[in-house]
Amino acid sequence: MKIAILASEGAPYAKSGGLGDVMEALPAALARLQGNEVTLILPYYKKIKDNPKYEVEQVAQFYVALGWRQQYAGIMKLKNRADGVQVYFIDNLYYFGGREGAIYGDMDDAERFAFFSKACLDTLVCLDFIPDVIQCNDWQTAAVPAFLKMQYSPLFPGTKCMFTIHNVEYQGWANGDFYDNVLALPWEYRGVLDMNNSVNLMKGAIECADLVTTVSESYAQELMYPYYAHGLDGVLTDASWKLTGITNGIDTNTFNPETDPALPAHYNAKTFVKGKAACKAALQQEVGLPVKPDVPLMVMVTRLAGHKGLDLLCYIARRLLWEEDCQLLILGTGEKQFEGFFTQLQQEYPDRVAAKITFDLGLAARIYAGGDLYLMPSKSEPCGLSQMNAMRYGTVPVVHATGGLKDTVPGAAETGANGLGFTFQSYNADDFLASLKRGLHLYRNDRKAFQTLQKRGMEQDFSWDVPAGRYMELFHRMLSQ
Ligand code: GLC
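Remember, predicted model here, so these are calculated numbers, not experimental data.

A. Region of the structure containing the packing of helix α13 (residues 310–323) against helix α18 (residues 429–445). Closest axis-to-axis distance for the α13/α18 pair is 9 Å, and the angle between their directions is 45 degrees. Classed by the angle they form, the pair α13 and α18 counts as oblique. Considering how the two elements wind past one another, α13 and α18 form a crossing that is right-handed. Residue-level contacts link Leu312, Leu313, Tyr315, Ile316, Arg319, Leu320 and Glu323 of α13 to Ala429, Asp430, Phe432, Leu433, Leu436, Lys437 and Leu440 of α18. Classifying every residue of the contact of α13 with α18 gives 10 nonpolar, no polar and 4 charged.

Here it is as structure tokens:
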């Protein structure tokens, strides 16, 4: 099958979050399946352009019509990728190549990614790669299904289109005049992208795509409720017949405690007790906490954003530290209020709390390995990847039972029986504290049972093989529709 995957980020070239990880591993997993030909198209950001590791060759150039604008697009073919995925970058100095800093957050983001979406379709035509399936991701490529249906269908006669929602919070809103001014789509389809007299690109994608997926089964259900859907609950309920959840995997080659070059000691599900003890001691030392093998180390690697549940942690943090003998380590950057809170907490409890306000992939891996409990109290979580990384490294998750967290971390009993971690049902700080305490008490009072729980997590198959198979099933279903 010929598959084109379109996205605004993909590791290792450019990544701001989980979407970047998925766009590294999913194309590779699909390319491993016999008979598939997989192309991935990404924007040619400045940081990709400036990185000498990526050898590219320009294979085409053309102009993309965006309303009255004619914008240049250079197609850069990546020459050195070994796993069978063909990567192309779309070069445009004005929208991507000439901008410093973060990849999103500019005033004209809607226009930048409308350009990218249209340029992707023009690229496929220009390269004469007319795929069976186009898979696009999140609002940045949400104009693709609309362009495909309203303008490009004669050029892609048999092509089917899947739209995947990684996070419904960001939808691609623009003023009403964006429709004529930038998208310049036929007027009779205006209502498809209209939401309260504005343009909502994600709404257009949900309506125009042949199938819509999201990144866990529970999130697919949750998306039909106002609490989770950020205004799109009605649109998603109407589209429920074509909405499916496929839980993400993680890259089990990169995230492998037996081989991860970032770790000071290596281990597997048989040798983890010794291996993790060595990693924990090294980690405590690295972050400036007293090396205490029997004090439970609670860890968190996260963007410091509100919906990650940090308000719950802030609310209970001092009580937790008063009531329990434990250490807390946080790695991440983000909203100033949380950066400030954890920095202050570290000053108050220098031998109990370490706050590393930075982005450091190596330290993140050492935290997954050296921690005892991994905290993820997210308010909502479409899938979440780091709870799976944590389990793979033998760290027991404590999570809010929502979205992908609910699907990947079945709750264990107080005794550690069944389940993979400790969970709480309602988004409430005291419930979070209670579930954390269950974890801390099991660690302290029945270390053998705690280790059985760690081992169970390590033995799970979080690889992309199963989800890649499910994507293939849906691709076939679209093609037979
Ligand atoms: C988004 C979601 C996260 C998910 C990731 C990959 O970042 O917030 O839950 O794991 O996308 O699909």
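Once you've had a look at it, read on.
B. Summary view of the site of the ligand. What surrounds the ligand is the set Gly18, Leu19, Val22, His166, Asn167, Val215, Asn248, Glu381, Pro382, Cys383, Gly384 and Leu385. One of the side-chain nitrogen or oxygen atoms of Glu381 is found 2.6 Å away from an oxygen atom of the ligand. Contacts to the ligand include Gly384, whose backbone N or O atom sits 2.8 Å from an oxygen atom. Notes on the ligand: free accessible area 310 Å², of which the protein chains cover 92%. Of the residues that constitute the shell around the ligand, the class distribution is 6 nonpolar, 5 polar and 1 charged.

C. The sheet that holds strand β14 (residues 327–331), seen in detail. Reading across from one edge, β15-β14-β13-β16-β17-β18 is the order of the 6 strands in this open sheet, with parallel pairing throughout. On the outer flanks of this sheet lie β15 (353–356) and β18 (422–424), each paired with one strand and no other. Each strand of the sheet is rotated relative to its neighbour by a mean of 15 degrees, with strand direction disregarded. As judged from the 4 bridges shared by strand β16 (residues 373–376) and strand β17 (residues 396–400), these two strands associate in the parallel manner. Following the sheet pairing, Leu373 is matched in β17 by Val396. Sitting on the sheet, helix α14 (residues 336–348) is in contact with β14 and β15, with an inclination near 145 degrees to β15.

D. Just the pattern of salt bridges, in detail. The final tally for this structure, using the stated rule, is 26 salt bridges. The salt bridge involving Asp50 is made with Lys46; its shortest N-O contact spans 2.7 Å. For Glu100, the salt bridge is made with Lys46, and the minimal N-O distance between the two is 3.5 Å. Here Glu100 is found in the loop between α3 (93–97) and α4 (109–126), whereas its partner Lys46 is found in helix α2 (residues 46–49), with 54 residues between them in sequence. Assessed through its relative accessible area of 64%, Glu100 is described here as exposed. With relative accessibility at 22%, the residue Lys46 sits in the partly exposed group.

E. Structural view of the sheet that holds strand β10 (residues 198–200). Read across the open sheet, the 3 strands follow the order β8-β10-β9; overall the sheet is antiparallel. Across the chains shown, the open sheet's two edge strands, defined by having one partner strand only, are β8 (173–174) and β9 (194–195). Bridging between β8 and β10 involves 2 bridges; their strand directions are antiparallel. Directly across from Trp173, in β10, lies its bridge partner Asn200. Strand contacts of helix α8 (residues 201–208): β9 and β10, with the helix running at about 55 degrees to β10, the strand carrying the most contacts.

F. A look at the packing of aromatic side chains. Taken as a whole, this structure holds 24 aromatic pairs when the rule is applied. Taking the centre distance of 6.1 Å and the plane angle of 75 degrees together, the rings of Tyr63 and Tyr72 count as edge-to-face. Geometrically, the ring pair formed by Phe96 and Phe115 is tilted, given 6.3 Å between the ring centres and 45 degrees between the ring planes. With Phe96 in helix α3 and Phe115 in helix α4, this pair connects stretches of sequence that are 19 residues apart. The burial state of Phe96 is the same as that of Phe115; both residues are buried. Ring-pair connections join several aromatic residues into one group, and the members of that group are Tyr45, Tyr94, Tyr95, Phe96, Tyr104, Phe113, Phe115, Phe116 and Trp139. The aromatic ring of Tyr94 is capped on one face by Arg99, whose charged end is 5.4 Å from the ring centroid. Its guanidinium or amino end placed over the ring of Tyr443, Arg447 lies 3.8 Å from that ring's centre, counting from NZ or CZ.

Thresholds applied
- Numbering of residues starts from 1 in each chain and follows the order in which that chain's sequence is written.
- Owing to the predicted nature of the model, reporting of local features is limited to residues with pLDDT of at least 70; listing and counting of side-chain atom pairs is limited to 80 or more, with chain, interface and lining totals taken over all residues.
- Here the side-chain values reflect all heavy atoms present in the structure, with hydrogen atoms and water set aside.
- Whenever a helix is involved, its axis is fitted only over the stretch in contact; in every case the axis is a line through C-alpha atoms, and angles between N-to-C directions fall within 0 to 180 degrees.
- What counts as a helix is a DSSP run of H or I of at least four residues, what counts as a strand is a run of E of at least two, and both are numbered from the N terminus.
- Should an angle fall under 35 degrees it is taken as roughly parallel, and over 145 as roughly antiparallel, whereas 65 to 115 is taken as roughly perpendicular and any remaining angle as oblique.
- For any pair of crossing helices, the crossing counts as left-handed if the nearer helix is rotated counterclockwise from the farther one by less than a right angle, and right-handed if it is rotated clockwise.
- Here, two residues are considered to be in contact whenever any of their heavy atoms come within 4.5 Å of each other.
- For this scheme, ten residues count as nonpolar: Ala, Val, Leu, Ile, Met, Phe, Trp, Tyr, Cys and Pro. Four count as charged, namely Asp, Glu, Lys and Arg, and the remainder, Gly too, count as polar.
- Distances are taken per atom, and a residue is near a molecule or strand as soon as one of its heavy atoms is within 4 Å of it.
- For this analysis, a polar contact is any N or O atom pair within 3.5 Å, provided that within protein one partner can donate a hydrogen and the other can accept it, and provided that sequence-adjacent residues contribute only side-chain to side-chain pairs.
- Note on areas: Shrake-Rupley, 1.4 Å probe, and residue coverage restricted to the protein chains presented here.
- Strand pairing is defined by DSSP finding a minimum of two bridges between the two strands.
- Definition used for salt bridges: Asp or Glu carboxyl oxygen within 4 Å of a side-chain nitrogen of Lys or Arg.
- Only protein chains enter the calculation, and the probe is 1.4 Å; a residue is then buried if its accessible area is under 20% of its type maximum, exposed if over 50%, and partly exposed in between.
- In this analysis, rings of Phe, Tyr and Trp, with Trp reduced to its six-membered ring, are considered paired at centre separations within 6.5 Å, and the interplanar angle assigns stacked below 30 degrees, edge-to-face beyond 60, and tilted for intermediate values.
- Sitting over a ring, as applied to charges here, requires NZ of Lys or CZ of Arg to be within 6 Å of the ring centre and within 35 degrees of the ring normal.

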